[in-house]
Every structure is written in structure tokens, then in C-alpha cells.
Amino acid sequence: MSSNIRIGDLTVNRLGFGAMRVCGPQVWGPPKDRAGAHRVLRRAIELGVNFFDTADSYGPHIDEELIAEALHPYPGGLVIGTKGGLLRPRPSAWEPDGRPAQLKSAIDGSLKRLKLERIDLYQLHAPDPKVPFADSVGALADGQRAGKIRHIGLSNVSVMQLEEARDIVTVVSVQNKYNIGDRSSEEVLKACERLEIAFLPWYPLGAGAVLRSKKILGVSGKITATPSQVSLAWLLAKSPVMLPIPGTASIAHLEENIAAATLKLSAEDLAALD
Ligand SMILES: NC(=O)c1ccc[n+]([C@@H]2O[C@H](COP(=O)([O-])OP(=O)(O)OC[C@H]3O[C@@H](n4cnc5c(N)ncnc54)[C@H](OP(=O)(O)O)[C@@H]3O)[C@@H](O)[C@H]2O)c1
């Protein structure tokens, strides 16, 4: 298993960091301990993480601001993937807005907050049923032509939507929900394997639920690895295009999760998990 993965012409380590959890409760507002959030982000860099996933809707805006506060000027080789296309009118709402004008201003907002001249990976957070998908993807293509985006990714898409987008732009990644207990995006994962593009499973730990799975607990009880490490090692073994982005606001959990990058599960354990 390679320890690296490609995002277009960029190479990153295969365990990334999902930064959504460092903002306030319900991914809304600032964290209670802003300095603590900075420490988590900086510790991820120290541990060798060089891919961070965020979105303008986390906070909203606060997650991107925290990343810039903690990490800018960015170390060489750091790749930040952000997303646009979801609005947060209130904490419980995540509303798609894929209108080209909205996406154009979202790209500009992310550039400013992240203090970047070009975003390495800009992902459409989710298709907007009210807007032709090609129009939303076209807005990202415009951003790329304008030099504001290096690579384009998609999130929460079907295989058909991935193919439709590929008629318009080069797509380098897909970010869909996937973990040992929810494999509903298996076909999308297979498409990413065929296309040799990165698949970023969101909720790799099922937002914590996977850690209580009987299968996971069975294997972690047998070997010297925690449930989160077994879950992440299973994902890494599952596919060469897998780039998990576990999230946490805890340095201890971060250290535990990143250690999973070197955990090799036996064929017997992998079979028990499948
Ligand atoms: N594209 C999308 O639509 C979408 C949707 C959701 C998320 N995402 C992205 O995917 C990333 C990952 O998703 P996620 O953060 O929601 O879920 P996750 O990684 O599956 O799980 C995170 C949860 O598990 C806990 N946790 C993490 N490590 C742990 C450990 N070692 N032991 C025990 N508990 C642990 C965290 O709590 P503690 O803080 O207490 O550790 C947190 O509550 C996000 O950060 C975000 O970047 C994308």
C-alpha cells in the first residue's frame, strides 16, 4: 500500500485531516477554545499531515479563518481542499446553492479567508437540484480558467454526475460519505478507482458511530490498535484511491488517528471486517 496519493499533479500523504470539527458545536460559530483549535491544526502538520479538508460552510467561514490563523504562511507541500455550494442560514440547515454567481463569490471568499492566490482543490460541496449541474460545474471551470482554482473536485455525487462533470472539466477527486457501516457510495468508489482519481470518504469514523461497530471492536480487541485505527486502516486497505479525512477537535484523538497510517491489518482481519 502506497503511503501517498495524487490529487491531480499534487502528492499528499494518505491520511488527511477533516478540519470541520475544530469550529464551534454543530459546525456553527467559533470554537470555545480558539487557541486549542489552532493547536490541533498545528499538531496535524507536525504529525506529517499535508492535506486539510474544509469548506466555506463550516462555521460558516470560521473553519477557513482558523486554518489561515493557525497555519499561514503555509508550509511547502501543504494542500488545502475547500468546498462551496452549501449555505448555512442557521445551525441545523445545510442548503445547496449552486448558482454560478454564488459559486463565483464563494471562490473569492475562500481565497480571501485562506489567504491564498489559488486554491489547490476546490470541491463542489453538493449538487443543487434547483440549478443544472453543468452550470455549477461550469462556474468552477470558470474559476479554474481565471487562475483561482488549481484542481476541481466533487462531493456528494453519483457516478452519472461524476461523468457529466468530466465532460466539462478534469475532476481529480470525489468526496462522498463512506465508512465500514455505510458503503452506499461503493459504485462511486469503484468509478474513482477506474479513473484513478482520489476518493475522500467523509464520516470515515461514522462521526464516531463506527467506533462502536461489533466488527471493529472484534478486531481491535485482538490486536494492539484502537477502534478508530482499525476503521481507518480498513479504509486505507480497501482501495488505493482512498484518502480518509478523519475529523477531531482533540490532539489525543488526532495522534491516535494518524498512527493508523502505518497499521497493517492481516488478511484474516480484513476478511472479518468485510
Ligand atoms: N462533503 C461533505 O458533505 C462532508 C460532510 C461531513 C464531513 N465532511 C468532511 O469529512 C471530515 C470527517 O468527517 P467528520 O469529522 O464529520 O466525522 P468522522 O471523522 O467520521 O468522526 C469525527 C467524530 O469522531 C470523533 N473522533 C475522532 N477521532 C476519534 C478517536 N480516535 N476516538 C474517539 N472518537 C474520535 C470526533 O470527536 P472528538 O472531536 O472528540 O475527537 C468526532 O465527533 C470532516 O471533518 C469534513 O472535513 C464532509
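Just above, that's the structure.
All of these numbers come straight from a predicted model, not from anything done at the bench.

With that settled, consider the pairing of strand S9 (residues 149-155). The element S9 is largely enclosed, with a buried count of six among its seven residues. The sheet contact formed by strand S8 (residues 119-124) and S9 spans five bridges and is parallel. Within S9, the residue paired with Gln-123 across the bridge is Gly-153. With helix H4 (residues 133-145) bridging S8 and the parallel S9, this β-α-β connection has right-handed handedness. Relative to strand S10 (residues 171-177), S9 runs parallel, the two sharing four bridges. Each bridged residue has a counterpart across the sheet, and for Ile-152 the counterpart in S10 is Val-171. Note that the unit made of S9, helix H5 (residues 159-166) and S10 has a crossover that is right-handed.

Another aspect to go through is the side chain of Arg-14. Among the structural elements, Arg-14 can be located in the loop between strand S2 (10-13) and strand S3 (17-18). A polar atom in the side chain of Arg-14 sits 2.7 Å from the backbone oxygen of Ser-239.

Every one of the 28 residues lining the ligand counts as a neighbour, but Arg-21, Asp-53, Leu-205, Thr-248 and His-253 are closest to it. Taking Ala-207, its main chain carries an N or O atom lying 2.9 Å from an oxygen atom of the ligand. Glu-256 is positioned with one of its side-chain polar atoms (N or O) 3.2 Å from a nitrogen atom of the ligand. Across the complex, the protein chains shield 86% of the 900 Å² of accessible surface that the ligand would expose by itself. Among the elements that make up the shell around the ligand, the one with the highest residue count is helix H9 (residues 251-258) (three residues). Its residues assigned to classes, the shell around the ligand comprises twelve nonpolar, twelve polar and four charged.

So, how was this worked out
Residues numbered from 1 in each chain as written. Predicted model: local features only at pLDDT ≥ 70, side-chain atom pairs only at ≥ 80, totals over all residues. Heavy atoms only, no water. Buried < 20%, exposed > 50% of the residue type's maximum accessible area, 1.4 Å probe, protein only. Helix = DSSP H or I, 4+ residues; strand = E, 2+ residues; numbered from the N terminus. Pairing = 2+ DSSP bridges. Right-handed = clockwise from strand over helix to strand, strands pointing away. Polar contact = N/O pair within 3.5 Å; in protein donor to acceptor, adjacent residues only side chain to side chain. Near = heavy atom within 4 Å. Areas by Shrake-Rupley, 256 points an atom, 1.4 Å probe, with all protein chains shown as cover. Nonpolar A, V, L, I, M, F, W, Y, C, P; charged D, E, K, R; others polar.

Honestly, it's all geometry; don't read function into it.
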